[in-house]
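# Working through the structure, step by step
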Amino acid sequence: MLGAALINFLRQHDLGTAVGTDGMMRLFPGCVRIPDAAFISWERFPKSRSETEGIAGLVPDLVVEVLSRSNTKKEMSRKLREYFRAGVRLVWYADPKARTVRAYTSPTESVLLGEEDTLDGGDVLPGFALSIRDWFAEAERRGPRRP
């Protein structure tokens, strides 16, 4: 759902591109990350195709991580520091179990959003808005059951 919402938004507002879990990125030497979703503005996108071969050495503007049981607090804290050290401007940690999203603008500044709230892109994705309730509801949808 979030990936589709980002893609649809970017089709209408040509600000950059969105990538999913296949978007492996080298944030800095020795630090490769594969976020669940990311937005890269055109200003940060490599100008030549050769720069994107292999593991792209680019820093997204926005990173989304969907938390799971296997994620430890220590691991997610380290990733958060790495993302901001590399120059990421906004990080969303989505917690499906609690149905919340914590939006970070720095490693130490964040806001916790619940189902009654709307997630927005702030200065990073101006005009982007998504109901957190709708996000989690769509993520939990399952297709028709087969006999």
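The shown structure was predicted, so the numbers you read here are calculated from the model rather than taken from an experiment. (Residues numbered from 1 in each chain as written. Predicted model: local features only at pLDDT ≥ 70, side-chain atom pairs only at ≥ 80, totals over all residues. Heavy atoms only, no water.)

Looking now at the overall build of the protein chain. Helices and strands together make up the secondary structure of the protein chain, namely three helices and 10 strands. Walking the protein chain from its N terminus toward its C terminus, one meets helices and strands in the order α-β-β-β-β-β-α-β-β-β-β-β-α. Within the protein chain, buried positions represent 39% of all 147 residues. Taking the intrachain contacts of the protein chain between residues at least 6 apart in sequence as the baseline, contacts between residues at least 24 apart amount to 51%. Of the roughly 9000 Å² that the protein chain leaves accessible, carbon and sulfur atoms contribute 49%. (Helix = DSSP H or I, 4+ residues; strand = E, 2+ residues; numbered from the N terminus. Buried < 20%, exposed > 50% of the residue type's maximum accessible area, 1.4 Å probe, protein only. Contact = heavy atoms within 4.5 Å. Areas by Shrake-Rupley, 256 points an atom, 1.4 Å probe, with all protein chains shown as cover.)

Here Phe39 lies in strand 4 (residues 37–41). A relative accessible area of 1% means that Phe39 is categorised as buried. Taking the C-alpha atoms as reference points, Phe39 and Val64, separated by 25 residues in sequence, lie 8.8 Å from one another.

Next up on the list: the nonpolar core. Ranked by size, the top nonpolar core spans 23 residues in total, and within it Leu2, Leu62, Trp92, Val101, Leu125, Phe128 and Trp135 carry the most contacts. Where this core is concerned, the elements lending two or more residues are helix 1 (2–12), strand 4, strand 5 (62–66), strand 6 (90–95), strand 7 (100–104), strand 10 (125–131) and helix 3 (132–140). Ranked by residue count, the leading element in this core is helix 1, at five residues. In this structure, Val101 is in contact with Trp92, Tyr93, Ala94, Val111, Leu112, Leu113, Leu119, Ile132, Trp135 and Phe136, ignoring residues within four places of it in sequence. Leu27, Val63, Val88 and Tyr104 belong to the second largest nonpolar core, which has 13 residues in total. (Core = buried A, V, L, I, M, F, W, Y, C linked by side-chain atoms within 4.5 Å.)

Strand order in this open sheet of six strands is 1-4-5-6-7-8, and the pairing throughout is mixed. The two strands at the open ends of the sheet, each matched to only one other strand, are strand 1 (16–19) and strand 8 (110–113). Strand-to-strand twist of the sheet, defined as the mean angle between neighbouring strand axes without regard to direction, takes the value 15 degrees. Alignment of strand 5 against strand 6, held across five bridges, turns out to be parallel. Bridge assignment links Val66 to a residue of strand 6, and that residue is Ala94. Lying on the sheet, helix 1 is in contact with strand 1, strand 4, strand 5 and strand 6; it crosses strand 1 at an angle near 165 degrees. Set on the sheet, helix 2 (residues 73–86) makes contact with strand 5, strand 6 and strand 7; between it and strand 6 the angle comes to about 160 degrees. (Pairing = 2+ DSSP bridges. Axes fitted to C-alpha atoms, helices over the stretch in contact; angles between N-to-C directions.)

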